Amino acid sequence: MKKIILTADRPTGKLHIGHYAGSLKNRVKLQNSGEYDKIFIMIADAQALTDNADNPEKVRQNIIEVALDYLSCGIDPQKSTILIQSQIPQLCELTFYYANLVTVSRLQRNPTVKSEIKMRNFEASIPVGFFTYPISQAADITAFDATTVPVGEDQKPMLEQTSEIVRKFNSVYGRTLVEPSILLPDNKASLRLPGTDGMAKMSKSLGNCIYLSDSADQIRKKVMGMFTDPDHLRVADPGKVDGNPVFIYLDAFSKQEHFDRYLPEYENLDALKNHYRRGGLGDVKVKKFLISVLEEELEPIRERRKIYEHDIPGVYDILKKGTEKALETASATMSRVKDAMKINYFEDRQFISEQIKKYSE
Ligand code: TRP
């Protein structure tokens, strides 16, 4: 069987280093591994509209931001197909039919939807489109016959829901759809980066994100202002490493070579952490190290971004070509689905000749 990747992001804001550590970096690695026959990376604007229906301008603006973020991180349009969700009508068609295979109570039990409803204060007035977006996500995944979906842990319930839909569809209509597997990031710290303020998640509204498009100066300021251990008041005080965002970022981004280059007096990250725990290591020194580490990772991204920013028509062309390519795959899947569901009236020659026979007798 072919190995096919599909993954996506909602274009509701610029991507930040949490997205990068949690998925983008891994996608580039997967792309360059040569192990996959096809890779689809989708800008999920239709899904973004499920909870931003009144703000289409925001979604529209962020399509190009997300595309620039992808390209500057090293997503290569020669190797990966970047597409825009709303331009693939088959995704709506599939969603409509899959919806018949899912119960309301099953959707109500979806943990991701549950927590998102809380987060958005939707409790009393959940938009139907938002409530059913796990079904549309199953359409996204199956339309491209994805075998592998590299996403963060928060998307696990979506993949479970997709698998259930696939099994149900295949058992009712015969083997048609491919059941996908989730591919979680391997570095534990990368699963979810906290905000610079120590809050559990980076979020635009909290203003605690480091963006991929931030300048070196912005990054320096953000890191210097980062929350650390509030009890680590003086350099001599012992400090907490667990839950300390500066160390969590180092867990996610620092490599041995960074120590050799910037902090040769420490053998590795464990040695640095031990010193911090013991006391005698100031926040400023750790933060300066983090700035160097982040800068090494983000500088090439920033440079590549500049090149694409100067060629916006070229970026739109990449999106258009990718979407056209994706459309071919999705429409092939749609014909298979229509055949299986017996809604292929005009294509099924045998059925038509049976009807002719039936009425001529
Ligand atoms: N729900 C995903 C998110 O919020 C985005 C998404 C939409 C997605 N469709 C998908 C992810 C299909 C993986 C596969 O990040």
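The structure presented is a predicted model; accordingly, all values stated were derived computationally and were not measured.

Chemist: Would you mind going over the domain arrangement of the chain in detail, with residue names and values included?
Modeler: Entries for the chain in the domain assignment read domain 1 (4-192 + 312-353) and domain 2 (214-308). Distance from the C-alpha centre of domain 1 to the C-alpha centre of domain 2: 35 Å. Contact with domain 1, which involves 17 residues of that partner, is made by 12 residues of domain 2. With both sides pooled, the region where domain 1 packs onto domain 2 buries about 1300 Å², and carbon together with sulfur makes up 60% of that total. Its salt-bridge partner being Arg305, residue Asp69 comes within 3.0 Å of it at the nearest N-O pair. Elements that contribute at least two residues to the side of domain 1 that touches domain 2 include exactly helix H1 (17-33), helix H3 (56-73) and helix H15 (312-341). Per element, the largest residue contribution to the side of domain 1 that touches domain 2 is 6 residues, and it comes from H3. A class-by-class count of the residues in the side of domain 1 that touches domain 2 yields 10 nonpolar, 4 polar and 3 charged.

Chemist: Describe the site of the ligand, and please don't skip the residues or the numbers.
Modeler: All residues adjacent to the ligand are Leu6, Ala8, Arg10, Met42, Ala44, Gln47, Gln137, Asp140, Ile141, Val149, Val151 and Gln155. Between Gln137 and the ligand, the recorded distance is 2.9 Å, taken from a side-chain N or O atom to a nitrogen atom. The contact in question runs from a nitrogen atom of the ligand to an N or O atom on the side chain of Asp140, over 2.8 Å. Looking at the shell around the ligand, the elements that each hand over two or more residues are strand E1 (4-9) and helix H8 (133-143). Ranked by the residues each element gives to the shell around the ligand, the list is headed by H8, at 3 residues.

Chemist: Residue-level account of the pattern of salt bridges, with values.
Modeler: Opposite charge on two side chains makes pairing possible when the charged atoms of those side chains draw close. In the structure shown here, the tally under the stated rule is 26 salt bridges. As a salt-bridge pair, Asp217 and Lys221 come within 3.0 Å of each other at their nearest N and O atoms. Separated by 4 residues within a single helix, Asp217 and Lys221 lie in helix H10 (residues 216-224), roughly one turn from each other. A relative accessible area of 36% means that Asp217 is categorised as partly exposed. By sharing partners, the salt bridges in this structure join Glu65, Asp69, Arg305 and Glu309 into a single network.

Chemist: Residue-level account of the packing of H1 against helix H14 (residues 283-309), with values.
Modeler: Axis angle and axis distance: for two packed helices, these are the angle between their axes and the distance between the axes, and together they describe the pair. Two elements in contact, H1 and H14, have axes separated by 13 Å at closest approach and are oriented at 75°. The angle between the axes of H1 and H14 places the two elements in the roughly perpendicular class. For the pair H1 and H14, the contacting residues are Ile17, Tyr20 and Lys25 in the first and Leu294, Glu297, Leu298 and Ile301 in the second. Of the residues assigned to the contact of H1 with H14, the class counts are 5 nonpolar, no polar and 2 charged.

Conventions adopted
Residues numbered from 1 in each chain as written. Predicted model: local features only at pLDDT ≥ 70, side-chain atom pairs only at ≥ 80, totals over all residues. Heavy atoms only, no water. Domains from an automatic or database assignment. Contact = heavy atoms within 4.5 Å. Buried area = accessible area lost by both parts, 1.4 Å probe. Salt bridge = Lys/Arg side-chain N within 4 Å of Asp/Glu carboxyl O. Helix = DSSP H or I, 4+ residues; strand = E, 2+ residues; numbered from the N terminus. Nonpolar A, V, L, I, M, F, W, Y, C, P; charged D, E, K, R; others polar. Near = heavy atom within 4 Å. Polar contact = N/O pair within 3.5 Å; in protein donor to acceptor, adjacent residues only side chain to side chain. Buried < 20%, exposed > 50% of the residue type's maximum accessible area, 1.4 Å probe, protein only. Axes fitted to C-alpha atoms, helices over the stretch in contact; angles between N-to-C directions. Parallel < 35°, antiparallel > 145°, perpendicular 65-115°, else oblique.

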